[in-house]
Amino acid sequence: MSQQSLISQVVTDLPPSGIREFFDLVATQSDVISLGVGEPDFPTPWKICDAAVEALRHGLTSYTSNYGLLQLREAIAQDIHHRYQVEYSPDNQILITAGVSEGMDLAMRAVLDPGDEVIIHEPCYVSYKPCVALAGGVPVVVATSAEHDFKLQPDAVQAAITARTRALVLSYPNNPTGATMTRSELTEVARIADKHDLLVIADEIYNQLTYEGRPTCFASLPQMKQRTLLLNGFSKAYAMTGWRVGYACGPATIIKAMMRIHSYTALCSSALAQYGALEALENCEAEMAEMIAQYDQRRRLFVAGLNDIGLPCFEPKGAFYAFPSIQHTGLSASEFCRALLMEEKVAAIPGPAFGECGAGHIRCTYATHIDQLKQALERMERFIAKLASDELSAQVKSVLAATRG
Ligand SMILES: Cc1ncc(COP(=O)(O)O)c(C=O)c1O
């Protein structure tokens, strides 16, 4: 029996992550400025670490309830009510998960039957399509474009709906584009969800990282709470990616179904991490605000810099990514990133890693120290000049020639 035949067809068919593939390449280089990783460069605020250490000292190391620590669920309910005036019951409408990632997986497994379709707008975070496929569903992609500031167009959603459409994943502020949608734009999407009885799975992990205008919680739109599953977490806003705490809020029936799967698989998110998350919500608003102010400063500098060096960049209004166009260089996004890495040691991610319609763009994370960003801009400017004057190194030219066959 071949080892490969032990692997299920669904898993065999999953494409490798375009991000991972690129990082394998980055690992072969030294002195690289990485604009590749989608996570805060700040350490977790010390108060949060301290709370987890205290929990450890007090022996709070057992399983928590499958729903998660009640105190944390209460704090989440309060936080959401304070920010968006939406009420969730800590008793049965909130589930603590191992990040939004687990929340997304549980959501798909809880609501999909084989063949059910889920609409996903691209470019988007890389896990949505695999989660749908692993749950036996069928992802249906709706493309967004720079022409519409990467906002989801209601007509495109409407056109993608079939008798099998069960849910829509909504992901704003968006990774990789930094696009946001206004309350009135989201209301148009809400109308369609209502008309076609769709569940909306709203990944709002970057909601706190919104720099212009106020973020909208999709569940706060009229009649949307009963058909929205809100996913959020602590990874980005509190610089807690490795802690693995997130949450899902929604109708009790869906939360209970997700909890049932979670109770057989993860059981609960790490107890210590949940105590850390509780501290984050109760006492770390100022630390979060300081990180957000710094991201905003970097955003302005970096996006202006990209435009100045001739990489036209749509203005991101949330998250911590810039998604400039490289189309005019004549290189594909993958060729551009490979050549930039080899020639000037700057790592960015090719746009198609987030969906085919990301072609012609690259994703650069500005959750990177401002001095590094300035240096990256200098290197990128030099790269573009060399590209324009055909002065790239012989090695890079031969790699490019090889990729072009
Ligand atoms: C849009 C989006 N959703 C979810 C995640 C994963 O979040 P978590 O760490 O909470 O699993 C990411 C991480 O980059 C993301 O960009």
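Residues numbered from 1 in each chain as written. Predicted model: local features only at pLDDT ≥ 70, side-chain atom pairs only at ≥ 80, totals over all residues. Heavy atoms only, no water.

J.: Where do I start with the domain arrangement of the protein chain in this structure?
T.: Interface size, as often reported, equals the accessible area lost upon joining of the parts. Segmenting the protein chain into domains produces domain 1 (3-43 + 287-403) and domain 2 (62-283). Taken over C-alpha atoms, the centre of domain 1 sits 26 Å from the centre of domain 2. Taken together, the contact pairs 35 residues of domain 1 with 34 residues of domain 2. Together domain 1 and domain 2 conceal approximately 2800 Å² of surface at their shared face, both sides included; 67% is due to carbon and sulfur atoms. Three residues stand out in domain 1 for area buried against domain 2, namely Met-288, Phe-314 and Lys-317, and they jointly supply 23% of the buried area on that side. Our count for the contact surface shared by domain 1 and domain 2 stands at 1 salt bridge. The partner of Glu-212 in a salt bridge is Arg-299, with the nearest N and O atoms 3.2 Å apart. Counting the contacts that link domain 1 with domain 2 gives 11 residue pairs in polar contact (both at pLDDT 80 or more). Among the elements that make up the side of domain 1 that touches domain 2, the one with the highest residue count is helix α11 (residues 285-308) (7 residues). Here the residues of the side of domain 1 that touches domain 2 are counted per class, giving 22 nonpolar, 5 polar and 8 charged. (Domains from an automatic or database assignment. Contact = heavy atoms within 4.5 Å. Buried area = accessible area lost by both parts, 1.4 Å probe. Salt bridge = Lys/Arg side-chain N within 4 Å of Asp/Glu carboxyl O. Polar contact = N/O pair within 3.5 Å; in protein donor to acceptor, adjacent residues only side chain to side chain. Helix = DSSP H or I, 4+ residues; strand = E, 2+ residues; numbered from the N terminus. Nonpolar A, V, L, I, M, F, W, Y, C, P; charged D, E, K, R; others polar.)

J.: How do you make sense of unusual backbone geometry when you look at a structure like this?
T.: It is generally the case that most residues other than glycine have a negative phi and that most peptide bonds are trans. Across the junction of Glu-122 and Pro-123, the peptide omega takes the value 0°, indicating a cis bond. In this model, Asn-175 is joined to Pro-176 through a cis peptide bond whose omega is 25°. Along the chain, the position of Pro-176 falls in the loop between β5 (165-170) and α8 (183-195). Positive phi, normally seen in glycine, also occurs at Ala-239, with a value near 55°. The residue Ala-239 is located in the loop between β7 (228-233) and β8 (246-249) in this model. Of note in the backbone geometry, Lys-345 takes a positive phi value of approximately 55° without being a glycine. Counting through the fold element by element, Lys-345 comes out in the loop between α12 (333-344) and β10 (346-347). The exposure class of Lys-345 is partly exposed, given its relative accessible area of 24%. (Buried < 20%, exposed > 50% of the residue type's maximum accessible area, 1.4 Å probe, protein only.)

J.: Help me understand the pairing of strand β2 (residues 94-97), please; the structure alone is not making it clear to me.
T.: Within a regular strand, side chains alternate between the sheet's two faces. Side chains of β2 alternate between two faces, with Ile-94 and Ile-96 and Leu-95 and Thr-97 buried alike. Here 4 bridges tie β2 to β8, and the two strands are oriented antiparallel to one another. Across the sheet, Ile-96 pairs through a bridge with Tyr-247, a residue of β8. (Pairing = 2+ DSSP bridges.)

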